[in-house]
Amino acid sequence: MKRRLFQTITGRALDLERLDANEREFLAAVQRRYKKEPRWSEFAAWWPKALQRSGLSAESVAYRICQDLEARLGIAQGKISAPDYRDSLADLIDERYGSRYRFCKATGTDPGHLSRILAGRSELSLQTLQRLLEQLDAALVIEPGKASTERFSRERAVRALAAAAR
Amino acid sequence: MEEGPRPVCTFLIPVVRDSDRRPHAPVVWRLLQDALLGTFGALSGPEPVLYYRKPDAVPGAWRPEEGEEPVEDSSRKYTVAVPAHRVDELRALLRRAGNSFDQRVMYLEVGGYAEFLEVRPEDGFLEV
């Protein structure tokens with residue numbers, strides 16, 4: 001049987017199989033709200049309060065899903081840039097190492113340089129990027145623009161949310 | 001919950017970068033929210049606001065001077081009540097946010113008093 005996953009704009013797969021009843025109920029409410037195409041900041045102001053009212057915390061997968069949904073709205077409404085390699089890199093570091101500090105310590109990466117890159121204040125050479133990706137057990141993939149646009153679309157998130165709420 | 005006075009602090013995050021006027025990457029908004037939550041336990045959402053500003057680091061000259069064109073920016077306004085003895089932590093967090101959001105000055109109000117936080121490279125960045 002196909003495992004139910006929510007894929008973030010950076011391609012991170014969030015497991016929807018372990019959602020408890022409270023999380024499912026909360027995500028169903030999020031789905032109803034999200035389908036109405038709220039404004040970016042309106043949704044951003046709403047969901048943290050709704051999350052707290054539901055008794056959920058940032059430890060819940062629902063927190064990451066809502067952050068992702070907010071980003072998709074911002075992208076669709078021209079308020080946020082489309083994600084690039086920096087977003088994926090930050091997400092991979094978070095997922096595999098938990099913090100930039102631990103990643104830099106384990107891999108000998110200059111933390112200041114990495115911070116400037118993640119903030120868009122500096123660029124990575126392709127060689128350095130490949131080295132970092134190897135350390136993160138990831139690979140550089142070139143894909144058509146349409147495929148990446150589809151991955152971070154609002155519609156795709158709506159479909160994933162419907163699966164989560166079931 | 002910590003006891004004592006908790007001044008209401010309000011700060012603005014412009015939705016575009018100072019250097020190239022482009023919108024921010026998704027990751028920086030996520031890092032800001034994680035930092036606010038991790039530092040103060042605050043999970044408040046923002047409100048959209050419009051304001052005029054002069055993005056140079058000139059305290060007291062937020063509005064454009066005579067003969068200068070105003071810069072109209074959409075911003076997100078965040079409000080958090082922080083224990084008085086931790087307001088400096090908020091200032092430090094906002095300076096890091098300033099570097100991550102490519103801002104030269106950050107606008108903060110503490111208990112109704114406006115502050116203009118000059119952002120320096122050595123202040124660091126929001127971290128994963």
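Residues numbered from 1 in each chain as written. Chains lettered and ligands numbered in written order. Predicted model: local features only at pLDDT ≥ 70, side-chain atom pairs only at ≥ 80, totals over all residues. Heavy atoms only, no water.

Peer 1: Explain the pairing of strand β5 (residues 113–118) of chain B to me, using residue names and the numbers behind them.
Peer 2: Residue and element names in this part refer to chain B. As defined by bridge partners, strand β4 (residues 105–110) adjoins β5 across six bridges and the pair is classed as antiparallel. Bridge assignment links V110 to a residue of β5, and that residue is Y113. Where β4 folds back onto β5 in an antiparallel hairpin, the turn is made up of two residues, including G111, whose phi is positive at roughly 55 degrees. (Pairing = 2+ DSSP bridges. Helix = DSSP H or I, 4+ residues; strand = E, 2+ residues; numbered from the N terminus.)

Peer 1: Break down helix α5 (residues 100–107) of chain A for me, citing the residues and quoting the values.
Peer 2: All names here are of chain A. Within α5 the residues assigned to the buried category are R100, F103, C104 and T107. The buried side chains of α5 occupy one side of the element, clustering within an arc of 95 degrees when seen end-on. Residues of α5 that are exposed and angled more than 90 degrees away from the buried face: Y101, K105 and A106. Where α5 is buried, its residues touch α4 (85–97), α6 (111–118) and α7 (126–135). One or two positions beyond α5, positive phi appears at G108, with a value near 70 degrees. (Buried < 20%, exposed > 50% of the residue type's maximum accessible area, 1.4 Å probe, protein only. Arc of directions from axis to C-beta. Contact = heavy atoms within 4.5 Å.)

Peer 1: Pulling in residues and values, what's your account of the side chain of A:D68?
Peer 2: Residues and elements named next belong to chain A. When you line up the elements, D68 lands in helix α3 (residues 61–76). Separated by 2.6 Å, the side chains of D68 and R72 make a polar contact. Those residues in contact with D68 that sit more than four places away from it in its chain are F6, Q7, T8 and I9. (Polar contact = N/O pair within 3.5 Å; in protein donor to acceptor, adjacent residues only side chain to side chain.)

Peer 1: Outline unusual backbone geometry, listing residues and values.
Peer 2: For A:D137, which is not glycine, the phi torsion reads 55 degrees and is therefore positive. Among the residues examined, A:D137 registers a relative accessible area of 67% and is labelled exposed. You will see that B:D102, though not glycine, has its phi angle at about 55 degrees, which is positive. Within the secondary structure, B:D102 is located in the loop between α2 (87–100) and β4.

Peer 1: Break down the packing of aromatic side chains for me, citing the residues and quoting the values.
Peer 2: All names here are of chain A. With the rule as written, the count across this model stands at eight aromatic pairs over all chains. Ring geometry for W47 and Y63: centres 5.7 Å apart, planes at 65 degrees, overall edge-to-face. Here W47 is found in helix α2 (residues 40–53), whereas its partner Y63 is found in helix α3, with 16 residues between them in sequence. By relative accessible area, W47 is classed as buried at 0%. What makes Y63 buried here is its relative accessible area of 1%. Ring pairing ties together the aromatic residues Y34, F43 and W46, which thus form one cluster. (Phe/Tyr/Trp six-rings, centres within 6.5 Å; stacked < 30°, edge-to-face > 60°.)

Peer 1: I'd like a description of the interface of chain B and chain A, backed by residues and values.
Peer 2: Contacts between the two partners involve 26 residues from chain B and, on the opposite side, 36 residues from chain A. There are six salt bridges connecting chain B and chain A. For B:R30, the salt bridge identified is with A:D94, shortest N-O distance 3.8 Å. There are 14 residue pairs in polar contact (both at pLDDT 80 or more) connecting chain B and chain A. Counting only elements with at least two residues in the side of chain B that touches chain A, the list comes to α1 (26–40) and α2 of chain B. Here the element with the most residues in the side of chain B that touches chain A is α1(B); it accounts for eight residues. Within the side of chain B that touches chain A, the residues separate by chemical class into 13 nonpolar, six polar and seven charged. (Salt bridge = Lys/Arg side-chain N within 4 Å of Asp/Glu carboxyl O. Nonpolar A, V, L, I, M, F, W, Y, C, P; charged D, E, K, R; others polar.)

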